[in-house]
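Summary of the model geometry
Chain residues, written in single-letter form:
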Amino acid sequence: MRRGRMPDVLVMGGSLGGLTAALLLRDIGCRVTVHERSRAALDSRGAGIVSHELTVRYLVEGGVMDVDEVSTPARWLRYLDLEGRVVHEVGCRYRFTSWNSLHKALLAQFPPERYVLGSEVTGFRQGPDRVLVEFAGGGVEPCDLLVCADGISSTARSLLLPGAEPAYAGYVGWRGTVAESELHPGTRGAVGEAIIYHVGERSHILTYPIPNHDGGVSPGRRLINFVWYRNVPEGEALDDLLTDVEGQRRPLSVPPGLVRPPFLAELRRAAQRLPAPMAEVVLKSPDPFIQAIFDVEVSQMAFGRICLVGDAAFAARPHAAAGTAKAAADGWALRDAMVGAGDVGRTLALWEPGQLELGRRLVERARRMGRRSQFEGTWDPVDPTLAFGLYGPGH
């Protein structure tokens, strides 16, 4: 790389973390190309996420979109008992969005000719002044900086840190959405302006509103999202659950429409024992799907001119609602480090310690939260340490 020139950057992975990093580096003068291995446009299958300020920071600070346009608020945090009675309630200022809405908004800001679908990175070779990135099919592309944002099943991580594999947490998250308009008026009143929890025996479920498939956020047009964490032992039981209708054993999740009918039937039977509003949300969700819950943590994020970001480095259980915020934080910190930087390797070495510490803290906190709800039975609705947050409870 010539003195005074910003680096050419290749981003491996075009999900939220990769796109955020790509936009931020593009904006400081880097020539950035995103390579996404999926051949089709990315889709989160309707999943909802917490709209942390870092998750939407690029859109808000750039004046691209008001946060109200891509998210919907929850004004109350409520816990229900089995009879549907409110056993704990507190005001909150959480906002929720859908993965699809956020990705669409970010992607619209990036040059389409530099976002390449169906481009799978299979390896890389690093020299003193560049990285040669290898693709399926035999192509090779040089860059000054390789940002690996290829998610929990990261190819880059497996090549750089072969021992850092996802560790199964002992439970799965059943997820689904239902149109708010399809719910009983009483249910709409209960779930429409709140995030609602029910904590059972070695299980918990939550519901909250998110934008609909067209991005609509007005009451009555939204979706209600549920996430139900249920324990499944590793081994035969997990293998069976993650085997789809076509007989394929999925490594991480079973998409909508591919969950085998006996498991859907069991989910719906179990849902009838939930508090009535939550039971209706689950029972009316047309295509529930399954995400197995894993932890990922690494000892290193910077490797000369190569770095790991987002879930490729640290994948935390969802209970702190900070996974997408952590990916964005990695990108913002990388942007800050690269402004006016000279040597890429030295810059990444300075960037790495803070992101390692942030990732370790988040993974450990989310792990403790999962143990409390799924195994120890010590989840307490009034405990402030259970609040969402990237940097700590409530932050």
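As a starting point, this report considers the structure included with it. Source: prediction; values computed, not measured. (Residues numbered from 1 in each chain as written. Predicted model: local features only at pLDDT ≥ 70, side-chain atom pairs only at ≥ 80, totals over all residues. Heavy atoms only, no water.)

Re the nonpolar core
- The biggest cluster of nonpolar side chains holds 89 residues, and the ones touching the most others in it are Leu146, Val147 and Ile195.
- The element contributing the most residues to this core is helix α11 (residues 344-376), with eight residues.
- Setting aside residues up to four positions removed in sequence, Leu146 forms contacts with Leu10, Met12, Phe124, Val131, Val133, Arg305, Ile306 and Cys307.
- By size, the runner-up hydrophobic cluster in this structure holds 33 residues, among which are Ile224, Val232, Leu241 and Leu242. (Core = buried A, V, L, I, M, F, W, Y, C linked by side-chain atoms within 4.5 Å. Buried < 20%, exposed > 50% of the residue type's maximum accessible area, 1.4 Å probe, protein only. Helix = DSSP H or I, 4+ residues; strand = E, 2+ residues; numbered from the N terminus. Contact = heavy atoms within 4.5 Å.)

As for the packing of aromatic side chains
- Taken as a whole and judged by the stated rule, the model has eight aromatic pairs.
- Ring centres of Tyr79 and Tyr197 lie 5.0 Å apart, and the angle between their planes is 15°; on these two criteria the pair is classed as stacked. Of this pair, Tyr79 sits in strand β4 (residues 72-80) while Tyr197 sits in strand β12 (residues 194-200), and the two are 118 residues apart along the sequence. We note that Tyr79, like Tyr197, is buried.
- Taking 6.1 Å as the distance between ring centres and 85° as the angle between the ring planes, the aromatic pair formed by Tyr171 and Tyr229 counts as edge-to-face. Taken together, the positions of Tyr171 in strand β11 (residues 167-179) and Tyr229 in strand β14 (residues 223-231) put the pair 58 residues apart, joining distant regions of the chain. An identical accessibility class is assigned to Tyr171 and Tyr229; each is buried.
- Members of the aromatic cluster, each reached through a chain of ring pairs, are Tyr94, Phe96, Tyr208 and Phe388.
- The side chain of Arg57 reaches across the aromatic face of Trp332, ending 3.5 Å from its centre.
- Over the aromatic face of Trp228 sits the side chain of Arg230, whose NZ or CZ is 4.7 Å from the ring centroid. (Phe/Tyr/Trp six-rings, centres within 6.5 Å; stacked < 30°, edge-to-face > 60°. Lys NZ or Arg CZ within 6 Å of the ring centre and 35° of its normal.)

Describing the sheet that holds strand β7 (residues 121-126)
- The three strands are arranged β7-β8-β9 in an open sheet whose pairing can be described as antiparallel. Of all the strands in the sheet, just β7 and β9 (140-143) have a single pairing partner and so form its edges. Each adjacent strand pair in this sheet contributes to an overall mean axis angle of 25°, direction not counted.
- Pairing analysis gives four bridges linking strand β8 (residues 131-135) to β9, with the strands arranged antiparallel. Note that in β9 the partner of Glu134 across the bridge is Val140. (Pairing = 2+ DSSP bridges. Axes fitted to C-alpha atoms, helices over the stretch in contact; angles between N-to-C directions.)

Some remarks on the packing of helix α10 (residues 323-338) against α11
- At their nearest, the axes of α10 and α11 sit 10 Å apart, and the two run at 155° to each other. In this view, α10 runs roughly antiparallel relative to α11, as classed from their interaxial angle. Between α10 and α11 lies a crossing of right-handed hand. Residues Lys326, Ala329, Asp330, Ala333, Leu334, Ala337 and Met338 of α10 pack against Val344, Thr347, Leu348, Trp351, Gln355, Leu358, Gly359 and Leu362 of α11.
- Within the contact of α10 with α11, the residues separate by chemical class into ten nonpolar, three polar and two charged. (Parallel < 35°, antiparallel > 145°, perpendicular 65-115°, else oblique. Left-handed = near helix turned anticlockwise from the far one by under 90°. Nonpolar A, V, L, I, M, F, W, Y, C, P; charged D, E, K, R; others polar.)

Examining the sheet that holds β12
- Read from one edge to the other, the open sheet built from nine strands follows the order β3-β5-β4-β12-β13-β14-β11-β16-β15, with strand pairing classed as mixed. For this open sheet the edge positions go to β3 (48-50) and β15 (253-254), each flanked by a neighbour on one side alone.
- In the packing of α11 onto the sheet, the strands contacted are β11, β13 (203-210), β14 and β16 (289-295), and the crossing angle to β11 comes to about 80°.

Some remarks on helix α4 (residues 99-107)
- All buried positions along α4 are accounted for by Trp99, Ser101, Leu102, His103, Ala105 and Leu106.
- Where the residues of α4 are buried, they touch α1 (16-27), β3, α2 (57-61), β5 (86-98) and β6 (115-116).

Section: the environment of Val131
- Inspection of the secondary structure assignment puts Val131 in strand β8.
- The class for Val131 is buried, based on a relative accessible area of 0%.
- On a C-alpha basis, the gap between Val131 and Ile306 in space is 7.9 Å, while along the polypeptide they are 175 residues apart.
- Excluding residues that lie within four positions of it along the chain, Val131 makes contacts with Phe124, Arg125, Gln126, Glu141, Pro142, Cys143, Leu146, Arg305 and Ile306.

A short note on the pattern of salt bridges
- By the definition in use, this model includes 26 salt bridges.
- For Asp240, the salt bridge identified is with Arg260, shortest N-O distance 2.8 Å. One end of the pair, Asp240, is in helix α7 (residues 236-241); the other, Arg260, is in the loop between β15 and α8 (261-271), and 20 residues separate them in sequence.
- In this structure Arg260 comes out as partly exposed when scored by relative accessible area, which is 24%.
- Because the salt bridges share partners, they merge into one network encompassing Asp295, Glu297, Arg317, Glu364, Arg367, Arg368, Arg371 and Glu376. (Salt bridge = Lys/Arg side-chain N within 4 Å of Asp/Glu carboxyl O.)

As for the packing of α1 against α4
- Two elements in contact, α1 and α4, have axes whose closest approach is 10 Å; the angle formed by their N-to-C orientations is 25°. Considered as vectors, α1 and α4 are oriented roughly parallel to each other. The two elements α1 and α4 meet at a crossing, and its hand is left-handed. Where α1 abuts α4, its residues Leu16, Leu19, Thr20 and Leu23 lie against Trp99, Leu102, His103, Leu106 and Leu107.
- When its residues are assigned to classes, the contact of α1 with α4 shows seven nonpolar, two polar and no charged.

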